[in-house]
Amino acid sequence: MVKEPLVRLENISKTYPDGVKALDNVSIEIYPGEILGLLGENGAGKTTLMRILYGEIKPSSGRIYIKGREVNLHGPWDALKHGIRMIYQHFSLIDEFTVMENMHLFMSTIDKKATIDETRRKVEEVLKTLGFQILLDEPVARLPIGAQQKVEIIKSLITGAEILILDEPTSVLNPLEIEELFRLIKKLRENGVSVIFISHKLKEIKELTDRVVVLRKGRKVGEAETANIDESTLAKMMIGEELPELNQTVKTSSNNLSREILVLEDIEVKGDKEQSTLKGISLRIRSGEVVGVAGIQGNGQKELAETIIGLRKPIKGRILFENEDIASLSVEDRLRKGISFIPESRKIGLIGEMDISANILLTNHMHLVSRFGVVRTKELENLSLRVIKDYEVVAASPRVLVKHLSGGNQQKVMTGRELVKNPKLLVAMEPTQGLDVKSTQQIRRLLLDHRNKGGAVLLISSDLEELLTLSDRLVIMFNGRITTEGTPGGLTVEKIGLCMGGSC
Ligand SMILES: Nc1ncnc2c1ncn2[C@@H]1O[C@H](COP(=O)(O)OP(=O)(O)OP(=O)(O)O)[C@@H](O)[C@H]1O
């Protein structure tokens, strides 16, 4: 007998108001009591698809069927009524309330008449069925993350959730907590609950799920019974069969590799999450080379950049810049020594309400402010005009407010104000994110010109094509470690995909 799906998402497309096409004609089914893996790299569209199923956003086109009937979901509460609940990495719990109070608060939004005793009975019943325990009268803030996640899951079950969507649930957990979560998810399956498990991690998908759907660039590129597919095939599906062609018009061979400019030795740094905590990073960068850092976002790349520029202090290890240990130096001292930084987003790096000059001053103040605190206005003006001219910023004058520039021109200001200092080492995070083809090419050209003039570049990007096009050497990070290293030409798609998915 053919099983009826509990949910069918049919031909779902989604274009966000800013024009980003996040989903293109994706159809998936979820069956009762199954664990469905949703695999894809950053930006593949996994979260968008699930937010549509959770009623948080509307698809641009397509249909949603629940138990065979077409529905129009007006919001998460509507989805909840249909037994669907999504749990994000940031939990929706009130820290000061006890577990029971949180459960009851949630319950009463669904059933206003429910008393706290009834809620408690329901919680105890669910816990007994699953064979799990939680301290019900403890304030949530005192519970470890793994237990808080369980509270979220139980909270969903007492309100009758039949489909639980877990958005990268393991990224906040330690290995023991992951084991415990998997045990709980398998129990849910035994009890007929369906779980959609969003992940980039191939091992977890293999270990836990019954079926897997792979998304890439907004399209469904594969679907299989998990038992019938191996990690290598999944890796290739996730990042694409073909390595992007190395773009010879942009890339010219690296100058004679010279001295090591930066050496990281066995660096350990506390990260925002367990998964992004740096666990013994060793890396060498020479002048005249671009070292690319690949990996799914959140595996320590940001922590690595922030450690090099001095925003995070290592617990262990040495950072040598031109043979000098700079681990105890401030950000400003490091800038003075010739390290520059392009942060991951223009929103962080620029102040929209200020003009181009003032934004340039932000990271060049050490050269442009006298020791009495007076800005050398003529020099600032000249430098600003130089940035506008040399880096082809389309702006009438340095007086233009940054918020009035296009994304590409903003990025050129952010890049130009660093390159104009001719830094010995440039740490560039996502330098072309959200830019059109022309601006992307311009920024990439600037980075390579800098390298060709003898500068070193550490390029952190979630755009694999960019990394393969620009890097002389590539390292791949997973779970706070560098798991592999090679040249772009020397690494196969399979190897890169496996390493990004944590299986190498
Ligand atoms: N609210 C939004 N407005 C505009 N674009 C968005 C929005 N949310 C997501 N996007 C874009 O839609 C695309 C798909 O993003 P989505 O978050 O769904 O991917 P994902 O597979 O969940 O990625 P990740 O693993 O990084 O979370 C990306 O290009 C992203 O930048």
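Thresholds, definitions, all that
- Residues numbered from 1 in each chain as written.
- Predicted model: local features only at pLDDT ≥ 70, side-chain atom pairs only at ≥ 80, totals over all residues.
- Heavy atoms only, no water.
- Salt bridge = Lys/Arg side-chain N within 4 Å of Asp/Glu carboxyl O.
- Pairing = 2+ DSSP bridges.
- Helix = DSSP H or I, 4+ residues; strand = E, 2+ residues; numbered from the N terminus.
- Axes fitted to C-alpha atoms, helices over the stretch in contact; angles between N-to-C directions.
- UniProt positions renumbered as here; feature names shortened; annotations may be inferred.
- 1 Å grid on protein atoms, 1.4 Å probe; cavity = no way out; pocket = protein on both sides within 12 Å on 5 of 7 lines; lining within 4 Å.
- Points joined across faces, edges and corners; volume = space filled by probe spheres on them.
- Nonpolar A, V, L, I, M, F, W, Y, C, P; charged D, E, K, R; others polar.
- Near = heavy atom within 4 Å.
- Polar contact = N/O pair within 3.5 Å; in protein donor to acceptor, adjacent residues only side chain to side chain.
- Areas by Shrake-Rupley, 256 points an atom, 1.4 Å probe, with all protein chains shown as cover.
- Domains from an automatic or database assignment.
- Parallel < 35°, antiparallel > 145°, perpendicular 65-115°, else oblique.
- Left-handed = near helix turned anticlockwise from the far one by under 90°.
- Contact = heavy atoms within 4.5 Å.
- Phe/Tyr/Trp six-rings, centres within 6.5 Å; stacked < 30°, edge-to-face > 60°.
- Buried < 20%, exposed > 50% of the residue type's maximum accessible area, 1.4 Å probe, protein only.
- Expected span 1.5 Å × (residues − 1).
- Bend = angle between axes of the 7 residues up to and from the residue.

A. Up close: the pattern of salt bridges. Tallied over the entire structure, the rule returns 44 salt bridges. Linking glutamate 10 and arginine 8 is a salt bridge whose minimum nitrogen-to-oxygen distance equals 2.9 Å. Connected via shared salt-bridge partners are Glu34, Arg211, Lys220 and Glu223.

B. Examining the sheet that holds strand 2 (residues 21–30) more closely. If you walk across this open sheet you meet the four strands as 2-1-4-5, and the pairing is antiparallel. Strand pairing shows two members of the sheet lacking a second neighbour, strand 2 and strand 5 (69–71), which therefore form its edges. Neighbour-to-neighbour, the strand axes of this sheet turn through a mean angle of 25 degrees, independent of strand direction. Across five bridges, the pairing between strand 1 (residues 7–15) and strand 4 (residues 61–66) is antiparallel. Of the residues in strand 4, the one forming a bridge with leucine 9 is isoleucine 64.

C. Local environment of the UniProt feature "domain: ABC transporter" (unreviewed entry) in the protein. The UniProt entry lists residues 7–242 and 262–504 under the feature "domain: ABC transporter" (unreviewed entry), expressed in the numbering used here. Secondary structure content for residues 262–504 is 37% helix and 23% strand, while the C-alpha to C-alpha distance between its ends is 26 Å.

D. Fine view of empty space enclosed by the protein. With the rule as written, the count across this model stands at three cavities of 30 Å³ or more. Here the largest cavity is characterised by a volume of approximately 50 Å³. If you trace the largest cavity, you find it lined by Glu168, Thr170, Ser171, Ile198, Ser199, His200, Lys201 and Gln275. For the lining of the largest cavity, the class distribution of residues is one nonpolar, five polar and two charged. Counted as a void, the second largest cavity has a volume near 40 Å³. Taken together, Ile87, Tyr88, Gln89, Phe91, Gln149, Leu166, Asp167, Glu168, Pro169 and Val172 form the lining of the second largest cavity. For the lining of the second largest cavity, the residue count by class is six nonpolar, two polar and two charged.

E. Spotlight on the site of the ligand. Close to the ligand lie 14 residues, the nearest being Gly43, Gly45, Lys46, Thr47 and Thr48. In the environment of the ligand, an oxygen atom lies 3.0 Å from a nitrogen or oxygen atom belonging to the backbone of alanine 44. Here histidine 200 contributes a side-chain N or O atom positioned 3.0 Å from an oxygen atom of the ligand. Protein burial of the ligand: of its 630 Å² of free accessible surface, 65% is covered by the chains. Among the elements that line the shell around the ligand, the one with the most residues is helix 1 (residues 46–53), at three residues.

F. Layout of the layout of surface pockets. Its boundaries defined by the atoms lining it, the second largest pocket holds a volume of some 340 Å³. The wall of the second largest pocket is formed by 19 residues, among which Ile178, Lys201, Glu204, Phe478 and Asn479 lie closest to the centre. Secondary structure elements with two or more residues in the lining of the second largest pocket: helix 6 (175–190) and helix 7 (202–208). When residues of the lining of the second largest pocket are assigned to their parent elements, the largest contribution, four residues, is made by helix 6. Its residues assigned to classes, the lining of the second largest pocket shows five nonpolar, eight polar and six charged. For the lining of the second largest pocket, the two domains that each supply at least three residues are domain 1 (7–239) and domain 2 (245–338 + 423–503).

G. Region of interest: the packing of helix 4 (residues 116–130) against helix 5 (residues 145–158). Where helix 4 contacts helix 5, the axes come no closer than 10 Å and their chain directions differ by 110 degrees. Taken together, the axes of helix 4 and helix 5 are roughly perpendicular relative to one another. In the packing of helix 4 onto helix 5, the handedness of the crossing is right-handed. Across the interface between the two elements, Thr119, Lys122, Val123, Val126, Leu127 and Leu130 of helix 4 pack against Ile154, Leu157 and Ile158 of helix 5. Along the lines of polarity and charge, the residues of the contact of helix 4 with helix 5 split into seven nonpolar, one polar and one charged.

H. A look at the packing of aromatic side chains. Considering all chains together, one arrives at two aromatic pairs under this definition. Their ring planes at 45 degrees and their centres at 5.8 Å tell us that tryptophan 77 and phenylalanine 106 sit as a pair that is tilted. Here the residue tryptophan 77 occupies a position in helix 2 (residues 76–81), and phenylalanine 106 occupies one in helix 3 (residues 99–110), the gap between them amounting to 29 residues. Judged by its relative accessible area of 44%, tryptophan 77 falls in the partly exposed class. For phenylalanine 106, a relative accessible area of 8% puts it in the buried group. Centroid distance phenylalanine 182 to phenylalanine 197: 5.9 Å. Interplanar angle 80 degrees. Geometry classified as edge-to-face. With phenylalanine 182 in helix 6 and phenylalanine 197 in strand 8 (residues 194–199), the pair connects residues that are 15 residues apart, well separated along the chain.

I. Local environment of helix 12 (residues 356–368). Look at helix 12: only 15 Å from first C-alpha to last across 13 residues, short of the 18 Å you get at 1.5 Å a residue. At leucine 362, helix 12 is deflected by roughly 70 degrees, the largest bend along its length. When helix 12 is considered as a whole, its buried residues turn out to be Ile356, Ser357, Asn359, Ile360, Leu361, Thr363, Asn364, Met366 and Leu368. Buried residues in helix 12 make contact with helix 10 (331–337), helix 11 (346–349), helix 13 (377–390) and helix 14 (407–419). Capping the start of helix 12 is the job of one residue whose side-chain oxygen sits 3.2 Å from the backbone nitrogen of serine 357: aspartate 355.

J. Inspection of the environment of serine 503 at higher detail. In this structure, serine 503 sits in the segment after helix 17 (493–500). The buried category is assigned to serine 503, whose relative accessible area is 15%. In this structure, the C-alpha to C-alpha distance between serine 503 and asparagine 299, residues 204 residues apart in sequence, is 14 Å. Setting aside its immediate chain neighbours within four residues, serine 503 contacts Leu202, Lys203, Glu231 and Leu498. Side-chain polar atoms of serine 503 contact the side chain of glutamate 231, separated by 2.5 Å.

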